[in-house]
Amino acid sequence: MPSTTQRRVRDRIPPLLRQTTFRRYWTAQSISYLGDQITFVALPLAAVLALDASAAELGVLSAAASLPNLLFSLYAGSLIDRSGRLRATMIVADLVRALVLVTVPIAYWLDVMTLPQLYVVAFVTGTFGMLFSLCANSLLAVVVPREQLLSGNALVKGSYNFSFAAGPGIGGGLVQILSGPVAIVLDVFSFIGSALLLRSFSPDEPRPAPAGRRHLREGLRFVLRTPVLLAKFFADASLNFFYTIYFTLLVLYAVEDLQLSSGLVGVVIAAGAVGAMAGAALTTRVSRSLGVGGAFFLGAFLYPGALVLVPLAHGPVWLAATLLIVAEFVSGVGLMVCDISATSIQLALTPHRLRARVQGAFMLFNKGSRPLGALVGGALGSWLGLRPTLWLATLGGVVSILFILPSPLRRMKELPAEAE
């Protein structure tokens, strides 16, 4: 018989984490995402420390890692839906990233590492990271019962945000202890560990539907004919566009206009990650109170609305820093409430045979608005000034909820039935 203490500990564990299949899926994707974030830091630091890379060369390295989302996400979604082998594709994505990354420390030890090699490594790992994310999103709906999608999404987004908050710090610490190229060896083991966990369970994946001539366009057509998803996609694209303008200028504004130290800027950004983890924990409760559509609407308002405090910030450093920390924390909470609710609605609405293609279309909308937002943010920041542009970005983000108002999304109480 378990003791009282053991029963209390067991009762505090989320029900889904007591299910072996979900627990292994969740742990595998958490490890893989943590590996992504370590790579995000370790690869540029390897370029700087070992090859004396310039700012322009680091820009190319960063672009190489993110470019696959724009180039391949739509086609990758079609390919995954056609094959239907979600878990197997995730295993391959993990192993390919491990194989490609291990070439970095080997080349370093042999004294043959070059920047073109790092560009290729960044592009390949970015490509297979995108494949992993597409499959992980669809596999979630396979390993989680429909009525527990919100809870499952909350756990997945919580671990993702933990990796986003902890990964750069772990990566930076490993680089400091081991040097950039050598630190990547431990990153390789993270992907191998994720692949082994994925091999340890075998979910009952539905058979894919036969591919027709319009297989690629079918996902986009489904979105265009589903008012809830169409409103979600446009709201997400608008929110991401304005948030990218905001984030492009945040550090410069905090340092130059508000005179915050680099340490305080780090605390401000970390507050957003902490808020996101809090939002992941609160989303299920908020959805029960307001309905899943109401939770999405509230999150879509809080996410940009809290950031209005940033252009309002002025006065002593402690006051300005406090306003920025509060803004980032509340915005992080709103982001997760919005994101988890929206992702659960999308998974519930979308037939299994279309899930990867719809997610690929979402990534195209989502990622596609970011480069444009960065360019517009830089241009407007130079032309209008930092504070006026931040006002435009934060208020523009709030106005993005207008895409939601005329759709059935805001009034949705429970997760919808699967659409056809």
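Nothing here was measured: the structure is a model prediction, and the numbers come from that model.

Peer 1: Help me out: how do you make sense of the environment of Thr-125 in this one?
Peer 2: Its location among the elements puts Thr-125 in helix H6 (residues 115–143). Note on Thr-125: relative accessible area 10%, which makes it buried. In sequence terms Thr-125 and Ser-66 are 59 residues apart; their C-alpha atoms lie 9.7 Å from each other. When neighbours within four sequence positions are excluded, Thr-125 is seen to be in contact with Arg-97, Val-100 and Leu-101. At 3.1 Å, the side chain of Thr-125 forms a polar contact with the backbone oxygen of Ala-122.

Peer 1: How should the pattern of salt bridges be read in this particular structure?
Peer 2: Oppositely charged side chains are able to pair whenever their charged atoms sit close together. For the coordinates displayed, the defined rule picks out two salt bridges. Taking the shortest distance from any N to any O, the salt bridge between Arg-97 and Asp-94 comes out at 2.8 Å. Note that Arg-97 and Asp-94 are positioned in helix H4 (residues 86–101) at a spacing of three residues, about one turn of the helix. Given the relative accessible area of 1%, Arg-97 is considered buried. Between Lys-232 and Asp-236 there is a salt bridge whose closest N-O contact spans 3.0 Å. Here Asp-236 and Lys-232 lie together in helix H10 (residues 227–257), a separation of four residues that amounts to about one turn. Judged on exposure class, the residue Lys-232 and its partner Asp-236 are both buried.

Peer 1: Is there a simple way to explain unusual backbone geometry in this structure?
Peer 2: Residues other than glycine predominantly adopt negative phi, and peptide bonds predominantly adopt the trans conformation. One non-glycine residue, Asp-111, lies in positive phi territory at about 60°. Along the chain, Asp-111 falls in the loop between helix H5 (103–109) and H6. Phi is positive for Gln-259, close to 60°, though the residue is something other than glycine. Along the chain, Gln-259 turns up in the loop between H10 and helix H11 (262–290). Given a relative accessible area of 54%, Gln-259 falls into the exposed group.

Peer 1: Explain H6 to me, please; I cannot follow it from the model alone.
Peer 2: Structural remark: α-helix, 3.6 residues per turn; residues separated by three or four positions point the same way. Taking 1.5 Å as the rise per residue, H6 with 29 residues should run 42 Å; its terminal C-alpha atoms sit 41 Å apart, in good agreement. Of all the 29 residues making up H6, 21 are buried; the element is thus mostly covered by neighbouring parts of the structure.

Criteria and thresholds
- Residues numbered from 1 in each chain as written.
- Predicted model: local features only at pLDDT ≥ 70, side-chain atom pairs only at ≥ 80, totals over all residues.
- Heavy atoms only, no water.
- Helix = DSSP H or I, 4+ residues; strand = E, 2+ residues; numbered from the N terminus.
- Buried < 20%, exposed > 50% of the residue type's maximum accessible area, 1.4 Å probe, protein only.
- Contact = heavy atoms within 4.5 Å.
- Polar contact = N/O pair within 3.5 Å; in protein donor to acceptor, adjacent residues only side chain to side chain.
- Salt bridge = Lys/Arg side-chain N within 4 Å of Asp/Glu carboxyl O.
- Expected span 1.5 Å × (residues − 1).

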